Amino acid sequence: MAQKIKLSTIAETLGISTATVSLALRDSPLVATTTRDRIKDQARALGYIYNRRAASLRTSRSGIIGVVVHDIMNPFYGEILKAIETELDRSRHTFILSNHYDSVNKQRNFLETLLQLGADGVIMSPAIGTPSEDMLLTEENGMPAILVARSMDVVDFPTYRGDDSYGISLATNHLISLGHRSIAMIGGTDQTSTGRDRYQGYVNALRKAEIEVDPDLRIPGPRSKQGGFEAAVHFLSLPQKPTAAVCWNDLVAIGLMNGIARAGLVPGKDISVTGYDDLEEASIATPALTTVWNGQAEVGRLAARALLDRLAGSHEPDGIHLIKPEMRIRQSTEPYRPRQ
């Protein structure tokens with residue numbers, strides 16, 4: 001079996017102290033940049049592997065952060081994760097990712113694994129039905145948690161997300177300003193804070209415009225392109241004949257537009273559609289999707305920063321920290337035109 005390369009081996013080959021090598025490999029500013037680079041090059045050449053377990057025994061930190069979200073296949077979470085990774089890279093933390101798919105058991109197993117690994121903290125978008133004891137388990141065992149995208153009513157953890165009620169009201173008000181009065185809302189669930197807040201924003205905008213809230217115009221459930229596509233059949237068969245739709249997210253909106261087009265209608269011309277999140281795909285859809293920017297990158301950055309601050313001994317107060325959404329008007333919405 002090949003012998004493990006030690007710090008002392010690197011030090012001997014370069015004629016410097018083991019302490020200097022250790023500092024350089026941890027990117028300490030006490031070592032000059034040119035010396036750090038020389039040490040790292042030599043370490044790579046010798047095949048040195050950083051012993052994280054030994055370091056954690058010395059520092060009581062593993063350098064590991066857990067991140068758990070609903071589904072990484074959703075680009076919304078992908079944008080949050082990219083921002084988290086960028087922020088953690090700056091402090092040389094590594095993150096371990098898990099999808100819970102709204103399975104409380106899968107999420108609990110991941111949290112227990114993180115505790116067994118001695119992870120420093122966790123950033124999570126909690127699964128539907130997450131019990132408060134699962135969250136308290138993390139804090140009681142010295143693993144602070146930061147929430148993103150979804151909040152929890154039963155526990156007060158630092159939470160970073162967009163202002164969903166305000167954001168959906170922007171989309172609904174935009175359609176109202178174009179003369180639409182029969183506006184459906186498609187997608188989402190009341191089982192999450194996001195779903196409840198977005199529906200409330202839709203209701204508030206209608207009531208403020210003195211438009212009757214018709215429960216039949218709500219089609220809950222879809223959160224994917226396939227779900228939006230399938231919802232088009234229900235949407236187009238509604239007896240109220242809505243002229244516009246506020247969608248749960250961009251994926252649902254793009255799926256709905258495809259379903260509308262499959263039925264022989266023109267999205268944007270015959271039926272106005274708005275999305276939510278302003279994903280990259282929104283601007284290149286056909287037609288380009290009118291949507292709401294929800295600050296995913298900012299959510300990820302702030303959440304990672306908040307966790308790192310906690311680990312350093314200082315932190316913002318608990319509670320919900322909201323990013324203010326912004327409207328992005330494109331081609332999928334037009335003024336109301338009476339159907340012939």
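Residues numbered from 1 in each chain as written. Predicted model: local features only at pLDDT ≥ 70, side-chain atom pairs only at ≥ 80, totals over all residues. Heavy atoms only, no water.

**Student:** Could you give me a rundown of the overall build of the protein chain, with the residues and numbers involved?
**Tutor:** A tally of helices and strands in the protein chain yields 13 helices and 12 strands. Oriented by its inertia axes, the alpha-carbon framework of the protein chain measures out at about 85 × 40 × 35 Å. The 340 residues of the protein chain split such that 50% are buried. When the accessible surface of the protein chain is totalled, it reaches about 16,400 Å², and 51% of it is carbon and sulfur. When the 37 positive and 39 negative side-chain charges of the protein chain are each reduced to one mean point, those points stand 5 Å apart. (Helix = DSSP H or I, 4+ residues; strand = E, 2+ residues; numbered from the N terminus. Buried < 20%, exposed > 50% of the residue type's maximum accessible area, 1.4 Å probe, protein only. Areas by Shrake-Rupley, 256 points an atom, 1.4 Å probe, with all protein chains shown as cover. Lys, Arg positive; Asp, Glu negative; His and termini not counted. Charge placed at Lys NZ, Arg CZ, Asp CG, Glu CD.)

**Student:** Lay out the packing of aromatic side chains with the relevant residues and their values.
**Tutor:** A full pass over the atoms with the stated rule returns 2 aromatic pairs. Ring centres 5.1 Å apart and planes at 75° place the aromatic pair Phe76 and Tyr77 in the edge-to-face group. Judged on exposure class, the residue Phe76 and its partner Tyr77 are both buried. Plain terms: the ring middles of Tyr199 and Tyr202 are 5.8 Å apart, the flat faces sit at 35° to each other, and that makes the pair tilted. Taken together, the positions of Tyr199 and Tyr202, both in helix 9 (residues 193-208) and 3 residues apart, correspond to about one turn of that helix. We classify Tyr199 as buried; its relative accessible area is 17%. Across the ring face of Trp248, the terminal group of Arg198 is positioned such that the distance to the ring centre comes to 4.5 Å. Across the ring face of Tyr199, the terminal group of Arg218 is positioned such that the distance to the ring centre comes to 3.8 Å. (Phe/Tyr/Trp six-rings, centres within 6.5 Å; stacked < 30°, edge-to-face > 60°. Lys NZ or Arg CZ within 6 Å of the ring centre and 35° of its normal.)

**Student:** Any chance you could break down the sheet that holds strand 7 (residues 218-219) for me, citing the residues and the numbers?
**Tutor:** Spatial strand order, 7-6-8-9: 4 strands in an open sheet with parallel pairing. Edge positions in the sheet fall to strand 7 and strand 9 (272-274), since each has one partner strand and no second. Looking at chain direction, strand 8 (residues 244-247) and strand 9 are connected through 3 bridges and run parallel. The partner of Ala244 across the bridge, within strand 9, is Ser272. Packed onto the sheet, helix 8 (residues 164-177) meets strand 6 (183-186), strand 8 and strand 9 and runs at close to 170° relative to strand 8. (Pairing = 2+ DSSP bridges. Contact = heavy atoms within 4.5 Å. Axes fitted to C-alpha atoms, helices over the stretch in contact; angles between N-to-C directions.)

**Student:** Can you break down the nonpolar core residue by residue, with the values?
**Tutor:** Counting 37 residues, the largest nonpolar core has Ile183, Ile186, Tyr202, Phe235, Cys247, Leu256 and Val273 as the members making the most contacts within it. Elements represented by at least two residues in this core include exactly helix 8, strand 6, helix 9, helix 10 (225-236), strand 8 and helix 11 (250-262). Sort the elements by how many residues they give to this core and helix 11 lands first, with 6 residues. The contacts of Ile186, once residues within four sequence positions are left out, are Ile219, Pro222, Ala231, Phe235, Ala245, Val246, Cys247, Trp248, Val252 and Leu256. (Core = buried A, V, L, I, M, F, W, Y, C linked by side-chain atoms within 4.5 Å.)

**Student:** If you had to explain helix 7 (residues 132-140) to someone new, which residues and values would you point to?
**Tutor:** Considered for burial, the residues of helix 7 that qualify are Asp134, Met135 and Thr138. Axial view of helix 7: buried residues confined to an arc of 100°, hence all on one face. Opposite the buried face of helix 7, at more than 90 degrees from it, the exposed residues are Glu133 and Glu140. Of the surrounding elements, those touching the buried residues of helix 7 are helix 6 (104-117), strand 3 (121-124) and strand 4 (145-148). Count one or two residues on from helix 7 and you reach Gly142, which has phi positive near 75°. (Arc of directions from axis to C-beta.)

**Student:** I'd like to hear about the domain arrangement of the protein chain, residue by residue, with values.
**Tutor:** Along its sequence, the protein chain is carved into domain 1 (7-50), domain 2 (64-162 + 296-323) and domain 3 (164-294). For domain 1 versus domain 3, the separation of C-alpha centres amounts to 56 Å. (Domains from an automatic or database assignment.)

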